[in-house]
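# Geometric and topological summary
One letter stands for each residue in the lines below.
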Amino acid sequence: MITRVDEYLHSVPLSNAETEEIGPFTLFRSTTVWPYYARPRPGVTVESADIEAVRARCAELELPLSFEWVVEACPSLGPAATKAGLTVIEHPLLVMEKSDFKPATADARVEILPVEPAVIREGRGLQNVAFSDGGTAVGSGGPAERDAAAAELTDEFIEGLSDRLRRGVTVSAGAFTDEGMVASGQHQPVGTASEIVGVATLPSMRRRGLAAAVTSALVEHAFDNGVELMLLSAESDAVAAVYERVGFRRIGFAGAAE
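Let us look at the structure shown here.

Conventions we followed
Residues numbered from 1 in each chain as written. Predicted model: local features only at pLDDT ≥ 70, side-chain atom pairs only at ≥ 80, totals over all residues. Heavy atoms only, no water. Helix = DSSP H or I, 4+ residues; strand = E, 2+ residues; numbered from the N terminus. Rg over C-alpha atoms; globule rule 2.2 N^0.38 Å. Buried < 20%, exposed > 50% of the residue type's maximum accessible area, 1.4 Å probe, protein only. Contact = heavy atoms within 4.5 Å. Areas by Shrake-Rupley, 256 points an atom, 1.4 Å probe, with all protein chains shown as cover. Lys, Arg positive; Asp, Glu negative; His and termini not counted. Charge placed at Lys NZ, Arg CZ, Asp CG, Glu CD. Expected span 1.5 Å × (residues − 1). Salt bridge = Lys/Arg side-chain N within 4 Å of Asp/Glu carboxyl O.

Within the protein chain, the regular secondary structure consists of eight helices and 11 strands. Computed over C-alpha atoms, the radius of gyration of the protein chain comes to 18 Å, within 12% of the 18 Å expected from 2.2 N^0.38 for 258 residues, which places it in the range of a compact globule. Once the C-alpha set of the protein chain is aligned to its principal axes, its extents read approximately 55 × 40 × 35 Å. Buried residues in the protein chain amount to 51% of all 258 residues. By sequence separation, contacts in the protein chain at least 24 residues apart represent 72% of the contacts at least 6 residues apart. Of the accessible surface of the protein chain, which amounts to about 11,700 Å², a share of 49% is contributed by carbon and sulfur atoms. Each charge class in the protein chain was averaged separately, 22 positive and 37 negative side chains, and the resulting centres sit 2 Å apart.

Given below as C-alpha cells:
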C-alpha cells in the first residue's frame, strides 16, 4: 500500500508540471499558477548533499525550495533535510478502499461543483479564509471574509483552477447554506487512485460535520468513476479524525520540508 500511494504521489503533479532529475530527486517544475516541489524517486537513499543540489538548482530557476515524500518510502530524507537546515514536518497519511467507505451527511446541500468562474472563486476564497485559521476549532471567519478573499483572487488564478476542472484532473465539491458555500474540497484522480485535497470549512461553520460531508461526496464521486483507492494527508491528528469518520485509515506519514 505504501508503494502504491508513493507511485500515485509521484505521478499526480505531471498534469501541471515538467520534470527534471537531480540526483535521487525528481523536481517538478510547475506550468500553472502555483509552485510544486521535489520528490525522491522510489527506493533511493538521500543525503544532505542531495538536498544542497536541489537547493542550488531551485535558486537558478528562482523556485521555492520544497520537498514532499512518504516517510515510510524514504526514511532517509527527513534526517537529511533537517541536517541541511530545512524545516521538516510530518502529517498523518490515510487511505480508503471502497469497502471501507462510510457515507456522511450534514445539514447543508452538498454537490460536485460546475466549472463556473464565480463558483470556483467563491470556493477558493473560502479555502483561503479557512487555511489562514487552521484546525478544527470554531473561529470568526465567515461569509463576509470569504467574499472579501474571493474578490482578491486574480482572473489568471481562477482560470488555472478552471482549466484543471475542465480537464478532469481536479474534481471539486462544495457544501451550501443560505449564506452560500460554507465548505469545499477536491479530489485528483490519476488512473485508479485519487487524493482528497483542500478540504476546508469556514471557521464560523466548523463542528457541524460539513468537512466530512464534502469528503464523502468526493469519495462517492471517485468510486463511481473508476477509482479504487483514495488517499490523503491530514494537517493533524484532530483533522485525521474527521476523515476516519468516513472510512479512512492511517498507514504512515507524509513528509514535507522547506
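Moving on, we come to helix α7 (residues 210-224). With 15 residues, α7 extends 21 Å between its outermost C-alpha atoms, agreeing within 8% with the 21 Å of an ideal straight helix rising 1.5 Å per residue. Within α7, 12 of the 15 residues are buried, leaving the element largely enclosed by the surrounding structure. Every buried residue of α7 is accounted for by Leu210, Ala211, Ala212, Ala213, Val214, Thr215, Ser216, Ala217, Leu218, Val219, Ala222 and Phe223. Two residues or fewer after α7 comes glycine 226, characterised by a positive phi angle close to 95°.

What follows concerns the pattern of salt bridges. Scanning the model with the defined rule gives 16 salt bridges in all. Linking glutamate 20 and arginine 29 is a salt bridge whose minimum nitrogen-to-oxygen distance equals 2.9 Å. On the basis of relative accessible area, arginine 29 is assigned to the partly exposed category, the value being 27%. A salt bridge links aspartate 237 to arginine 250; its shortest N-O distance comes to 2.8 Å. A residue pair is termed long-range when its members are at least 10 positions apart, and aspartate 237 in helix α8 (residues 237-244) and arginine 250 in strand β11 (residues 249-257) qualify at 13 residues. A relative accessible area of 38% places arginine 250 in the partly exposed class. Residues participating in the shared-partner salt-bridge network are Glu20, Arg29, Arg57 and Glu60.

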